[in-house]
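Each chain is listed here by its residues.
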Amino acid sequence: MRAPPRPLLPIAGLIAALAAGPGFAQGTPLAGNRYEDLVALFDDWRSFQRPVFRDGVPDYTPAAMRAQHQRLPEFQRRLAGIDPSAWPVTQQVDYHLVRAEMNGLDFDHRVMRPWSRMPGFYKVVLGSQTDVPAREGSVMHGAIELWTYDMPLDAQREAELRARIQAIPAILAQAKGNLTEDARDLWFTGIRFKQSESRVLTSFAARAAAHHPELAQDAERARAAVDDFRTWLEAEYPSRQGRSGIGVENYDWHLKNVQLVPHTWADQVAIVQRELDRSWAYLQLAENRNRSVPQPQPVATQAEYEQRYRQAVTDFIAFLDTAQIMTVEDYAEPALLAREGRFSPPPWEFFSEVNNRDLRPMRAHGTHWFDLARLEQEQHASPIRRVPALYNLWAYRAEGLATGFEEMVMEAGYLDEPRVRELVWILLAQRAARAMAELRMHSNEFTLQDAVDYAVKWTPRGWLAVDGSTVWGEQALYLEQPAYGTSYVVGKVDIENIITERARQLGSRFNLRSFMDGFHASGLIPLSLIRWEMTGLDDQIRALQ
């Protein structure tokens, strides 16, 4: 196993080291101590973090990545040269966000190395919108969000898209030279991703043909390059035998220094196991209580699905308002209605098993779409929080709230019907099962196949199919992005902790709507920073430095 990365110097120690002189990069400007200096550094940092592009191709070659890693300490030294201790807490929070992002790039270079060990990193096209602020997992710069291009395109948009699609063969040709490391399961997930991308490009070419025949031809050539790349991966795959997990020590460093999560790998095992046990036990209690109540009739037609979906959104929005859970902005209901989707007949994947029995529980998970609408409609006071954080730093906040909200609103009086509460416990059990599978993959106790089997085994009622796309897609993501699978469950628990801390502070003055509005106002950042901002308690963030 690789040696764990060394911790960065504490801020005070790093400043002292800089003052001593040796090792300071020539020409690197010393930062000031104003918040504006942090914002300026943040802008420079974001430009630096992106790879160099040449003819539309991001340069992830070994030489380019070595050069980037060698320059990273310049930015870390500039950050260490800023003393934020006299700033308001909200500005100190931004300082730690920038620190975590820089640690994320450092971790990528020393541990993850997605450009050389992870074929799935080279995702060139993405066919649908994600429900979180940025793409989950590790995705190269320059991946094309095809869903944002509505036909017909104006001349400028067509030219821009054609140039980007035309670069795909060169991107994948470079990737073949970059991918030199041995990580068997990561190569397998890369093959699956390329199968999906091929389908996306085939569909896009057919859609583009009516209005933009030359663009359709470009898409077909890109699809051929994707298929060729997949064939190359399949030929190389038998020779790849190495482990893909990052190991417990690296996982702990990532939690502490990148995700700013106040738990270790072992802590998360205990938390996830507790939630898995609790969800199964409470499901048994609910089923026993409802044993004489018939199961709900599943949705059977598209028309019925549409009617139930819209009613579920209306009911959910009305509950949030009348129960004084949170302030419901004008954009909230349209944000959920826009995600209606379509009915699919059986056999169902896991979330369709839930949705087609009752569409209301997953509308609570739809707080994701409130988050995205808020990002678009409201400009955060912090310029650093107006853009999505890198390295999935928002995961425990975004996924933790979406998962936690299902149970929270249920306990607040929503979903008070027989058999519907059972669905919430099933949802939690599935999230806990897949989280435990992720933890065991990264400790290298589980292969990808083991993780899939475990998640299937511990999801109630057999609703997670072992040969389905849901379980394989989830575990592939969690292998590529450590701590993402745990963020749903551990994030939920940490949000409950923040509610507890604030309620203890305010006593009878605690107001749930005011709390949730303040929680949302903090933005999509690590929960340890939200806790500090909302409660004034800085013990977690001090322990994470």
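Scroll up to find the structure.
Note that the structure is predicted; figures quoted are calculated from it, not measured.

> Run through the overall build of the protein, naming residues and quoting values.
For the protein, the count of helices and strands is 24 helices and 4 strands. Computed over the C-alpha atoms, the radius of gyration of the protein is 24 Å, within 12% of the 24 Å expected from 2.2 N^0.38 for a compact globule of 545 residues. Projected onto its principal axes, the C-alpha positions of the protein cover 75 × 60 × 50 Å. Residue burial in the protein is summarised as follows: out of 545 residues, 55% are buried.

> Which residues make up the nonpolar core, and what values go with them?
Counting 167 residues, the largest nonpolar core has Phe405 and Phe519 as its most contacted members. Per-element accounting of this core gives the leading share, 14 residues, to helix α18 (residues 420-442). If we skip the residues at most four places from it in the chain, Phe405 touches Phe316, Leu320, Ile325, Met326, Ala364, Thr367 and Met516.

> Pulling in residues and values, what's your account of the packing of helix α21 (residues 484-506) against helix α23 (residues 527-535)?
Interaxial distance between α21 and α23 falls to 10 Å at its minimum, and their mutual angle equals 10 degrees. In terms of axis orientation, α21 runs roughly parallel to α23. Of α23, the residues touching α21 (which contributes Gly491, Asp494, Ile495, Asn497, Ile498, Glu501, Arg502 and Gln505) are Leu527, Ile530, Arg531, Met534 and Thr535.

> For unusual backbone geometry, give the residues involved together with the corresponding values.
Going from Met151 to Pro152, the amide bond is cis rather than trans, its omega being -10 degrees. With respect to the helices and strands, Pro152 occurs in the loop between β4 (144-145) and α6 (155-166). Between Pro346 and Pro347 the backbone carries a cis peptide bond, its omega angle lying at 0 degrees. Positive phi, close to 55 degrees, is recorded for Gln324, a residue that is not glycine. Tracing the backbone through its elements, the reader meets Gln324 in the loop between α12 (302-322) and α13 (332-337). The exposure class of Gln324 is partly exposed, given its relative accessible area of 45%. Positive phi is not limited to glycine here, since Asn444 has a value of about 65 degrees. By the secondary structure assignment, Asn444 is in the loop between α18 and α19 (448-457).

> I'd like a description of the packing of aromatic side chains, backed by residues and values.
Considering all chains together, one arrives at 30 aromatic pairs under this definition. Where Trp45 meets Phe48, the ring centres are 6.2 Å apart and the plane angle is 45 degrees; that geometry is what we call tilted. With Trp45 and Phe48 both in helix α2 (residues 35-49) and 3 residues apart, the pair spans about one turn of that helix. The pair formed by Trp45 and Phe48 is uniform in burial state, with each residue classed as buried. On the basis of an interplanar angle of 5 degrees and a centroid distance of 6.4 Å, the ring pair of Phe316 and Phe370 is categorised as stacked. Taken together, the residues Phe316 in helix α12 and Phe370 in helix α16 (residues 367-377) connect sequence positions 54 residues apart. The exposure class of Phe316 is buried, given its relative accessible area of 0%. The class for Phe370 is buried, based on a relative accessible area of 2%.

> How would you explain helix α22 (residues 512-521) if you had to name every residue and give the values?
Looking at α22, one finds that the buried residues are Phe515, Met516, Phe519 and His520. All buried residues of α22 project into a common sector of 130 degrees when viewed along the axis, lining one side. Residues of α22 that are buried sit in contact with α16, α17 (395-411), α21 and α23. A side-chain oxygen of the first residue of α22 lies 3.1 Å from the backbone nitrogen of Arg513; this N-cap is Asn511. One or two positions beyond α22, positive phi appears at Gly523, with a value near 95 degrees.

> So what about the side chain of Ser487? Which residues, and what values?
On the secondary structure map, Ser487 appears in helix α21. Assessed through its relative accessible area of 0%, Ser487 is described here as buried. Sequence-distant contacts of Ser487, that is, excluding residues within four places in its chain, are made with Ala395, Tyr396, Glu399, Gly400 and Lys492.

> Please set out the pattern of salt bridges residue by residue, giving values where relevant.
Overall, the coordinates contain 47 salt bridges when judged by the stated rule. Between Asp37 and Arg34 there is a salt bridge, with its nearest N and O atoms 3.1 Å apart. The class of Asp37 is buried, set by a relative accessible area of 18%. Given a relative accessible area of 51%, Arg34 falls into the exposed group. Across the pair Arg221 and Asp218 runs a salt bridge whose closest N-O atoms are separated by 2.8 Å. Placement of the pair is Arg221 and Asp218 together in helix α9 (residues 213-236), with a separation of 3 residues, close to one helical turn. Overall, the relative accessible area of 49% leaves Arg221 in the partly exposed class. According to the relative accessible area criterion, Asp218 is buried, its value standing at 3%.

> Could you give an account of the environment of Val226, with specific residues and numbers?
Summarising the element assignment, Val226 is placed in helix α9. Taking relative accessible area as the criterion, Val226 reaches 0% and is therefore assigned buried. Taking the C-alpha atoms as reference, Val226 lies 20 Å from Pro238; in sequence the two are 12 residues apart. Discounting residues that sit within four places of it in the chain, Val226 has contacts with Val124, Ile168, Leu172, Lys194, Glu197, Ser198 and Leu201.

> Tell me about the packing of α2 against helix α3 (residues 62-80), residues and numbers included.
Their axes nearest at 11 Å, the elements α2 and α3 cross at an angle of 170 degrees. Between α2 and α3, the interaxial angle falls into the category roughly antiparallel. Contact residues: Leu38, Leu41, Asp44, Trp45, Phe48 and Gln49 in α2; Gln68, Arg71, Leu72, Phe75, Arg78 and Leu79 in α3. In terms of residue class, the contact of α2 with α3 is built from 7 nonpolar, 2 polar and 3 charged.

> Tell me what's going on with the environment of Val93, and back it up with residues and numbers.
Relative to the elements of secondary structure, Val93 occurs in helix α4 (residues 89-112). Separated by 27 residues in sequence, Val93 and Arg66 place their C-alpha atoms 30 Å apart. Sequence-distant contacts of Val93, defined by excluding residues within four places in its chain, comprise Arg385, Ile525, Leu529, Trp532 and Glu533.

> Tell me what's going on with the side chain of Glu422, and back it up with residues and numbers.
Looking at the secondary structure, you find Glu422 in helix α18. In contact with Glu422, not counting residues within four places along its chain, are Leu283, Ala286, Glu287, Asn290, Gln295 and Arg461.

Scoring rules and cut-offs
- Residues numbered from 1 in each chain as written.
- Predicted model: local features only at pLDDT ≥ 70, side-chain atom pairs only at ≥ 80, totals over all residues.
- Heavy atoms only, no water.
- Helix = DSSP H or I, 4+ residues; strand = E, 2+ residues; numbered from the N terminus.
- Rg over C-alpha atoms; globule rule 2.2 N^0.38 Å.
- Buried < 20%, exposed > 50% of the residue type's maximum accessible area, 1.4 Å probe, protein only.
- Core = buried A, V, L, I, M, F, W, Y, C linked by side-chain atoms within 4.5 Å.
- Contact = heavy atoms within 4.5 Å.
- Axes fitted to C-alpha atoms, helices over the stretch in contact; angles between N-to-C directions.
- Parallel < 35°, antiparallel > 145°, perpendicular 65-115°, else oblique.
- Phe/Tyr/Trp six-rings, centres within 6.5 Å; stacked < 30°, edge-to-face > 60°.
- Arc of directions from axis to C-beta.
- Polar contact = N/O pair within 3.5 Å; in protein donor to acceptor, adjacent residues only side chain to side chain.
- Salt bridge = Lys/Arg side-chain N within 4 Å of Asp/Glu carboxyl O.
- Nonpolar A, V, L, I, M, F, W, Y, C, P; charged D, E, K, R; others polar.

Taken by themselves, the reported measurements are silent on function.
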